[in-house]
Amino acid sequence: MMQIKLGFEEWRKLGKEIERIAQSDELELIISMTFGFTGIEGNEGEEDEEEEVEEEHEHHHHHHITELPKEVIEELNDFMDMLKTKYNAKIDHHVHGDHAGVVASVMTNGKDAINVFRNIIDDAKNCENCVLAGVDGEFHLGNDVSVIFFGDSYKLTFILPAQDGRRLIISEVNT
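Basis of the calculations
Residues numbered from 1 in each chain as written. Predicted model: local features only at pLDDT ≥ 70, side-chain atom pairs only at ≥ 80, totals over all residues. Heavy atoms only, no water. Disulfide = S-S within 2.5 Å. Pairing = 2+ DSSP bridges. Helix = DSSP H or I, 4+ residues; strand = E, 2+ residues; numbered from the N terminus.

Tell me what's going on with the state of the cysteines, and back it up with residues and numbers.
Evaluation of the coordinates by the stated rule reveals one disulfide. Residue Cys 127 pairs covalently with Cys 130 via a disulfide, S to S 1.7 Å. What sets the handedness of the Cys 127 and Cys 130 disulfide is the S-S torsion sign, and at about 110° it is right-handed.

Which residues make up the pairing of strand 6 (residues 144-151), and what are the values?
In terms of strand pairing, strand 5 (residues 130-141) meets strand 6 through seven bridges, oriented antiparallel. When the sheet's bridge partners are listed, Glu 138 is paired in strand 6 with Ile 148. Counting the residues between successive antiparallel strands, the hairpin from strand 5 to strand 6 contains two residues, one of them, Gly 142, with a positive phi of roughly 65°. The pairing of strand 6 with strand 7 (residues 155-161) spans four bridges and is antiparallel. Along strand 7, the bridge assignment pairs Gly 151 with Leu 156. Where strand 6 folds back on strand 7, the antiparallel hairpin that results is connected by three residues.

Right, dumping it as structure tokens:
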């Protein structure tokens, strides 16, 4: 049985492990966030065929968000602009009728990596008209994946190499 450990100490330990992995090199954080929306009525009650046609029309890649309520559009655009300004992030996003995905690439050093990660999650959770439903991604050291993570706005699982290079460390933390 795996035990979930809570609190600041677990985040500190995770940060130290990521710093150990990075040594003095820069890491690239690639984080994918999926947002659901509050207060938006879905296609409930419609036939499956109609829903499939609607979904095809509502699916957009690499365009400005335009088909959602104004408040949601503004919040997500503000969030993406903040990532670009604060972290010099490269951003990609997609929109479906009932959710949106934002992928950010941020360069950071190992010492700051976990704080940058946590700040991005905290900022994403501040959306008033949307809900951070899923988070996944990885830290890259050069061309190599060094850490992978997945979860939601409440609990995240990180998988990273142990110091001996033969084992993996699995760390679950609450946000």
